[in-house]
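# Inside the fold
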Amino acid sequence: MERSAAMTRDWIATARTLSEALPYLQRYDGATIVIKFGGHAMGDEKEMADFARDVVLMKQCNVNPVVVHGGGPMINEMLQRLAIPSEFVDGKRVSDAATVEVVEMVLSGRINKRIVQAINAQGGKAIGLSGKDANLMICEKDIRTTLRDGEEVAVDLGFVGKPVEMHPEILKNFLGSDFIPVVAPVGMGRHGETFNVNGDTAAGAVAAAMKADRLLLLTDVAGVKDASGTVLTELNAAAVRDLTASGVISGGMIPKTQTALEAIEGGVRAVVILDGRAPHAVLLELFTAHGAGTLIRAA
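Residues numbered from 1 in each chain as written. Predicted model: local features only at pLDDT ≥ 70, side-chain atom pairs only at ≥ 80, totals over all residues. Heavy atoms only, no water.

### Digging into the overall build of the protein
To keep things clear, this is the line we draw: Helix and strand assignments come from DSSP, with helices taken as H or I runs of at least 4 residues and strands as E runs of at least 2, each series counted from the N terminus. Based on C-alpha atoms, the radius of gyration is set beside the globule rule, defined as 2.2 Å times the residue count to the power 0.38. Only protein chains enter the calculation, and the probe is 1.4 Å; a residue is then buried if its accessible area is under 20% of its type maximum, exposed if over 50%, and partly exposed in between. All accessible areas in this document rest on Shrake-Rupley with a 1.4 Å probe, and a residue is counted as covered only by the protein chains that are shown.
Tallying secondary structure elements over the protein gives 10 helices and 14 strands in all. For 299 residues, the compact-globule estimate of 2.2 N^0.38 gives 19 Å, and the protein sits close to it at 20 Å. With the principal axes as the frame, the protein shows a C-alpha extent of 70 × 40 × 35 Å. The burial tally for the protein puts 46% of its 299 residues in the buried class. By element, 53% of the accessible surface of the protein is carried by carbon and sulfur atoms, the whole surface being about 14500 Å².

Right, here's the structure in full:
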């Protein structure tokens, strides 16, 4: 009897949650949501399946998800197996011809199709693409500067690219359809070169090109934190710049917040940096009052 009563309470709680989600379902009806998927969740089969299920649910609720993924750890693993050394400058992988060949193989092949398969296994219809398809992402060489002996010097990262021209028509063709695009961050140069693009950067460029309602950057941290380590639930662009200038936003969070600012400047309504390790983080952010991570708006 006690077990039956407990189960009834669980079902009522589930029904209440669904009912409370109604205004959020209405809010995002027909919206385009770009999701950068990466980090710990990509290497865990259960978390991959949970993410795929959440994406399929979004599509079923008439949201248009576009998944852009990374894959650094899997690239590292393959380069080690092939005895190809890796070098990083300010978090960017120096990519010579041999490295970028492996990067494309891992990103556009192994990882992309694994995500596609996971979404399809949950009843979705995922389509795997890269930035090369239909000239989606035209890139130029990403030249970085770094301090050496007190002087700033330019560093050639090889075939590491930054998107300079976007052609999102192929992605827009999927809006309103049953298909869910999954994009590998590999771009093409104007002379046919292959470029390795940072996953966050690629997601920001795709979101801006699509004028997405939301860009969700899934990470392995809870969000942007203040000086005391408390997660900030909402920031505007000016606050992000101030926190960066003061050193509160530092390290690996800088490129993520910079991506957020560039995406907003490009026409994305808002960006959320959230913990992809949290169960159903995407659904919590979109369809509940609770939210997840740090929401960044223009003002």
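### Overview of the sheet that holds strand β2 (residues 64-69)
For clarity, the cut-off: Strands are treated as partners if at least two bridges between them are detected by DSSP. Inter-axis angles, ranging from 0 to 180 degrees, are taken between N-to-C directions of lines fitted to C-alpha atoms, where helices are fitted over the stretch in contact. Whether two residues are in contact is decided by their heavy atoms, any of which lying within 4.5 Å being enough.
Spatially, β5-β8-β2-β1-β11-β13-β14-β12 is the arrangement adopted by the eight strands of the open sheet, whose pairing is mixed. Each of the sheet's edge strands pairs with one partner strand only, and the pair in question is β5 (125-130) and β12 (234-236). Strand after strand, the sheet turns through a mean of 20° between neighbouring axes, direction not considered. Here two bridges tie β2 to strand β8 (residues 179-184), and the two strands are oriented parallel to one another. Bridge pairing links valine 67 to valine 182 in β8. Helix-sheet contacts for helix α8 (residues 237-245) involve β12 and β14 (294-297), and the interaxial angle to β12 is about 90°. Seen against the sheet, helix α9 (residues 253-265) touches β11 (214-219), β13 (270-275) and β14 and runs at an angle of roughly 155° to β13.

### Some remarks on helix α7 (residues 199-210)
Here is the rule: Here, expected helix span is obtained from the residue count minus one, scaled by 1.5 Å. As used in this structure description, the phrase polar contact means that two N or O atoms lie within 3.5 Å; if the pair is within protein, one of them must be able to donate a hydrogen and the other to accept it, and residues adjacent in sequence are counted only when both atoms belong to side chains.
Compared with the 16 Å implied by 1.5 Å per residue over 12 residues, the 16 Å span of α7 between its first and last C-alpha is a close match. Counting buried residues along α7, 11 of its 12 residues qualify, which places the element largely inside the surrounding structure. Of all the residues in α7, the buried ones are Gly199, Asp200, Ala202, Ala203, Gly204, Ala205, Val206, Ala207, Ala208, Ala209 and Met210. For α7, the N-terminal cap is asparagine 198; the gap from its side-chain oxygen to the backbone nitrogen of aspartate 200 is 2.9 Å.

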